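Architecture at a glance
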Amino acid sequence: MKNYVIIGNGAAAVGAIEGIRSVDKDGGITVVSEEKHHVYSRPLISYLLEGKTDETKMLYRPADFYEKNGAEVLFGEKAVKIDPEAKKVTLESGKELCYDSLCIATGSSPFVPPIEGLETVKNRRSFMTLDDAEALESALTPEYSVLIIGAGLIGLKCAEGILNRCKKITVCDLAPRVLSSILDSDCAAIMQAHLEKLGIEFLLDDTAVKFEENRAVMKSGKVVDFDFLVTAVGVRANSSLIKDCGGEVDRGIVVDERMATSIKDIFAAGDCSETTDITSGIKKVMAIMPLAYIGGHCAGVNMAGGEETLCNALPMNSIGFAGLHCMSAGSYEGELYEEKTEGGVKRLYTENNLLKGFMIIGDIDRAGIYTALIRNKTPLDSLNFELLKKSPSLAPFGREYRVEKLGGEV
Amino acid sequence: MKRVYVNEKWCLGCHLCEYNCAFANSGESDMAKALRKKAIRPNIRIEEDGDINFAVSCRHCKDPICVKSCITGALSIEDGAVKVDHDKCVGCLTCVLVCPYGCIREGESGAVQKCELCLNNSCGEPACVKGCPNRAIVFEER
Ligand SMILES: Cc1cc2nc3c(=O)[nH]c(=O)nc-3n(C[C@H](O)[C@H](O)[C@H](O)COP(=O)(O)OP(=O)(O)OC[C@H]3O[C@@H](n4cnc5c(N)ncnc54)[C@H](O)[C@@H]3O)c2cc1C
Ligand code: SF4
Ligand code: SF4
């Protein structure tokens, strides 16, 4: 009987457990979980603050998940060292775990920027975990002004989550636009205007350079007083376990298409790892739930001796703020097709007969048809792209495609 | 497993399946009351281009990318059928972003909606197929 150890307990770990069990029903699975919670959906921490979910509904898998999958979870335990020779993991508590196959699913940690005087700010938190959300929930009062550093997905989701729990929210970012890693300036401007209507204030192209307790001095010279500070400038892959035992690490743990690291019998998946973005050919950390699960599943299958590869990863995001949805996928390179819709926009990028990426704000219906074109690298001359670019549907595909997809098992 | 399959050349483009779907999932027992003066939001949709018509609903994929991608665990597979837990779903629409066939859509309640083969409503078997006048959609094993 094989012995599997998984470090981390997020979406990637769940993928690994389900992947292992799809091949091996009997092997022992041990999960090392620093967080003391049953696996929950990390993105839901903002929905929790908003009152749109609760601690039961936000569980990523049902309460009996570990039991049904024969996995033992060591809650509140942190892995601190791997010995690949002895195939052994050491925990902070001193406990040791032997493995036949190991998966690193440690996710990422918030990066706290080294800003002068930050340590003088007492009411301060990152926004990554259920504990962070609970800390915010108990700290905030309707009288509070909150300053959020970082106008990326995490900062903005935090702002949406606490909108009705405080008086004022200011979001600052060194970038000149919101969601700068996902959207170009035109699309970002639409989202920003929408968020401003909700009552969120922005200081862009500007950031805090100095803190004095409850006051931030900005690069522009402006002064912002606040009662609570949220730092959301970005995340860093938790890759040190592999780095420390000699494995290959770049911005994240380097893995091949089977999610194997450079060290024998050690796999990695999720936010701690790097995969190739098929739209740019570049290996990078793509910190999204779908990829964490899919990569974890792939790792799990291979750990258990099965065959699975992940070779169609691409960055993508679907986020909404108070009813306005925004989707993006792939790379924004090549020729642009743009369509303005009421209160929204659609931008498709094509290059060398392929769809490379898109941004859509507003009418996102059936956008997955575009994502599939990117993922499958479908040659655009094999279908009626003139029709498809106006509206995603299966009509522009040939009848043969439809007979296959709608007339048989897929 | 039995699924809904499409015989494109027999589709009349009459949209009856859309109405039957909307009714079956309305929770109402009277069709007029369920649908009158309402914009319907069915889980099966007729797509058209010139003289081609065909119905599209969830394929209940064998390895469903929507389930793998769901950020909350609201989508799951039960006896081969892909279903939504409306209580868990937060309407992030990640599943809409990944479904290759455009078969899952924003619902009215904040959660997404999709074909569940009428297994979870009072109909018990796909209402769209039952009402199709020309066998352009069938519910069978293939
Ligand atoms: C506020 C917020 C909103 C988001 N919204 C979206 C969204 O809408 N869509 C989307 O696709 N993605 C979203 N994301 C990103 C998404 O949450 C991550 O991509 C996903 O959680 C990654 O899963 P993972 O399993 O790799 O890591 P994680 O979920 O981070 O899990 C890693 C776990 O490992 C544990 N761990 C780390 N080191 C150790 C150790 N040494 N020993 C033991 N345990 C350890 C950690 O405590 C953690 O519990 C969001 C993230 C945040 C913070
Ligand atoms: S919603 Fe789409 S991806 Fe999911 S099972 Fe149905 S057809 Fe497949
Ligand atoms: S919209 Fe609902 S079902 Fe779809 S991915 Fe988000 S939570 Fe899951």
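Residues numbered from 1 in each chain as written. Chains lettered and ligands numbered in written order. Predicted model: local features only at pLDDT ≥ 70, side-chain atom pairs only at ≥ 80, totals over all residues. Heavy atoms only, no water.

1. Examining the site of ligand 2
All names here are of chain B. Going by this rule: Here, proximity means that at least one heavy atom of the residue falls within 4 Å of the molecule or strand. A pocket, in this scheme, is an open set of points on a 1 Å grid over the protein atoms alone with protein on both sides within 12 Å along at least 5 of 7 lines, while a cavity is a set where a 1.4 Å probe fits but cannot get out; residues line either one if an atom lies within 4 Å of a point. For a cavity or pocket, the test is whether more than half of a molecule's atoms lie within 2 Å of its grid points; if they do, the molecule sits there. Under the grouping applied here, Gly and all other residues not named as nonpolar or charged are polar, the nonpolar ones being Ala, Val, Leu, Ile, Met, Phe, Trp, Tyr, Cys and Pro and the charged ones Asp, Glu, Lys and Arg.
Around ligand 2, a shell composed of C58, R59, H60, C61, P64, C66, V82, C99, P100, Y101 and K114 is seen. When atoms are counted within 2 Å of each cavity's grid points, the one that captures over half of ligand 2 is the second largest cavity. Among the residues making up the shell around ligand 2, the classes are represented as eight nonpolar, one polar and two charged.

2. What to know about the domain arrangement of chain B
All names here are of chain B. Just so we agree on the cut-off: Marked domain ranges trace back to an automatic or database domain assignment. Whether two residues are in contact is decided by their heavy atoms: any pair within 4.5 Å suffices. Computed with a 1.4 Å rolling probe, the buried area is the accessible surface lost when two parts are put together, summed over both parts. For this document, the term salt bridge refers to a Lys or Arg side-chain nitrogen within 4 Å of an Asp or Glu carboxyl oxygen. Throughout this description, a polar contact denotes any pair of N or O atoms lying within 3.5 Å of each other; where both atoms belong to protein, one of them has to be capable of donating a hydrogen while the other can accept it, and for residues adjacent in sequence the pair is counted only when both atoms sit in side chains.
According to the domain assignment, chain B contains domain 1 (1-57 + 119-142) and domain 2 (60-114). Summarising the inter-unit geometry, the C-alpha centres of domain 1 and domain 2 are found 19 Å apart. With 10 residues of domain 1 in contact, the opposing surface of domain 2 contributes 16 residues. Between domain 1 and domain 2 the total buried area reaches about 1100 Å² when both faces are included, carbon and sulfur atoms providing 44% of it. Scanning the region where domain 1 abuts domain 2 turns up zero salt bridges. Counting every contact that joins domain 1 to domain 2 gives six residue pairs in polar contact (both at pLDDT 80 or more). Residues that form the side of domain 1 that touches domain 2 fall into these classes: four nonpolar, three polar and three charged.

3. As for the site of ligand 1
Residues and elements named next belong to chain A. The criterion, for reference: Every accessible area reported is derived by Shrake-Rupley at a probe size of 1.4 Å, with residue values counting cover from the shown protein chains alone. Strands here mean DSSP runs of E at least two residues long; helices mean DSSP runs of H or I at least four residues long; both are numbered from the N terminus.
Lining the immediate surroundings of ligand 1 are 30 residues, of which A12, E35, A79, D271 and M289 lie closest. In this structure, A79 approaches ligand 1 through a main-chain N or O atom, which is 2.9 Å from a nitrogen atom. Contact between ligand 1 and D271: an oxygen atom at 2.8 Å from a side-chain N or O atom of the residue. When isolated, ligand 1 has an accessible area of 1000 Å², and the protein chains bury 94% of it. Those elements that provide at least two residues to the shell around ligand 1 are helix 1 (11-23), helix 5 (153-162) and helix 8 (289-303). Among the elements that make up the shell around ligand 1, the one with the highest residue count is helix 8 (three residues). Residue classes in the shell around ligand 1 are distributed as 17 nonpolar, seven polar and six charged.

4. Comments concerning the sheet that holds strand 13 (residues 208-212) of chain A
All names here are of chain A. The condition is simple: Strand pairing requires that DSSP identify at least two bridges connecting the strands. Working convention: axes come from line fits to C-alpha atoms, limited for helices to the stretch in contact. Angles between N-to-C directions cover 0 to 180 degrees.
In spatial order, the strands read 13-14-15; together these three strands make up an open sheet with antiparallel pairing. Sheet topology places strand 13 and strand 15 (223-225) at the edges, where each strand pairs with a single neighbour. Sheet twist, expressed as the mean angle between neighbouring strand axes with direction ignored, is 25 degrees.

5. So, the domain arrangement of chain A
Reports of interface size often rely on the accessible area that becomes lost once the parts have come together. All names here are of chain A. In terms of domains, chain A is made up of domain 1 (3-109 + 235-303), domain 2 (118-231) and domain 3 (323-406). Computed from C-alpha coordinates alone, the two centres of domain 2 and domain 3 are separated by 33 Å. Facing the eight residues of domain 2 at the interface are 11 residues of domain 3. Roughly 830 Å² is buried in total at the junction of domain 2 and domain 3, and carbon and sulfur atoms are behind 71% of that figure. Along the contact surface separating domain 2 from domain 3 lie two salt bridges. Taken together, the links from domain 2 to domain 3 amount to three residue pairs in polar contact (both at pLDDT 80 or more). Its residues assigned to classes, the side of domain 2 that touches domain 3 shows five nonpolar, one polar and two charged.

6. Remarks on the interface of chain B and chain A
On the side of chain A, 46 residues touch chain B, which itself brings 41 residues to the contact. Both sides of the chain B and chain A interface together cover about 3700 Å² of buried area, and 57% of this is carbon and sulfur. Together, B:K68, B:L97 and B:Y101 form the three largest contributors to the area buried by chain B at its contact with chain A, with a combined 19%. One can count six salt bridges joining chain B with chain A. At the junction of chain B and chain A, the tally comes to 20 residue pairs in polar contact (both at pLDDT 80 or more). Elements with a contribution of two residues or more to the side of chain B that touches chain A: strand 1 (2-6), strand 2 (45-49), strand 3 (52-56), helix 3 (65-69), helix 4 (94-98) and strand 6 (104-106) of chain B. Partitioned by chemical class, the residues of the side of chain B that touches chain A number 20 nonpolar, six polar and 15 charged.

7. What about unusual backbone geometry?
To keep it simple, the criterion reads: When accessible area is computed with a 1.4 Å probe and restricted to protein chains, residues below 20% of their type maximum are described as buried, those above 50% as exposed, and intermediate ones as partly exposed.
Backbone geometry at A:E213 places phi at a positive 50 degrees, although glycine is not the residue there. Inspection of the secondary structure puts A:E213 in the loop between strand 13 and strand 14 (215-218). We classify A:E213 as partly exposed; its relative accessible area is 48%. The backbone phi angle of B:L117 is positive, close to 60 degrees, even though this residue is not glycine. Position of B:L117 relative to the elements: it lies in the loop between strand 7 (112-114) and helix 5 (127-130).

8. Re empty space enclosed by the protein
Residues and elements named next belong to chain B. Our working definition: Grid points are joined across faces, edges and corners, and a volume is the space filled by probe spheres set on the points.
The tally for this structure, following the rule as stated, stands at seven cavities of 30 Å³ or more. As a volume, the largest cavity reaches approximately 120 Å³. Lining of the largest cavity is provided by 16 residues; of these, C11, C14, C17, C132 and A136 occupy positions nearest its centre. Split into classes, the residues belonging to the lining of the largest cavity amount to 13 nonpolar, three polar and no charged. Counted as a void, the second largest cavity has a volume near 100 Å³.

9. Here's the deal with the packing of aromatic side chains
Residue and element names in this part refer to chain A. Rules: Any pair of Phe, Tyr and Trp rings, taking the six-membered ring for Trp, is counted once the centres come within 6.5 Å. Such a pair is stacked with planes under 30 degrees apart, edge-to-face with planes over 60 apart, and tilted for the rest. Comment: the charge-over-ring label is applied if NZ (Lys) or CZ (Arg) is within 6 Å of the ring centre and within 35 degrees of the ring normal.
Counted by the stated rule, this structure contains six aromatic pairs over all chains. Relative to F75, the ring of Y66 has its centre 6.1 Å away and its plane inclined at 80 degrees; by these criteria the two rings are edge-to-face. Taking relative accessible area as the criterion, Y66 reaches 8% and is therefore assigned buried. Centroid distance F358 to Y370: 5.9 Å. Interplanar angle 55 degrees. Geometry classified as tilted. Of the two residues, F358 is situated in strand 26 (residues 354-361) and Y370 in helix 9 (residues 368-375); the sequence distance between them amounts to 12 residues. The cationic tip of K157 hangs over the ring face of F321; the distance from NZ or CZ to the ring centre is 4.9 Å.

10. Topic: the pattern of salt bridges
Any two side chains of opposite charge can pair, given that their charged atoms come close. As enumerated under the stated definition, the model contains 30 salt bridges over all chains in all. A:K210 is the salt-bridge partner of A:E212, the closest N and O atoms lying 3.6 Å from each other. Taking relative accessible area as the criterion, A:K210 reaches 30% and is therefore assigned partly exposed. Linking A:R399 and B:E8 is a salt bridge whose minimum nitrogen-to-oxygen distance equals 3.1 Å. With A:R399 in helix 11 (residues 399-407) and B:E8 in the loop between strand 1 and helix 1 (16-24), this pair bridges two chains. Given a relative accessible area of 47%, A:R399 falls into the partly exposed group. What emerges from the salt-bridge pattern is a single network uniting A:D184, A:D186, A:E338, A:K340 and A:R347.

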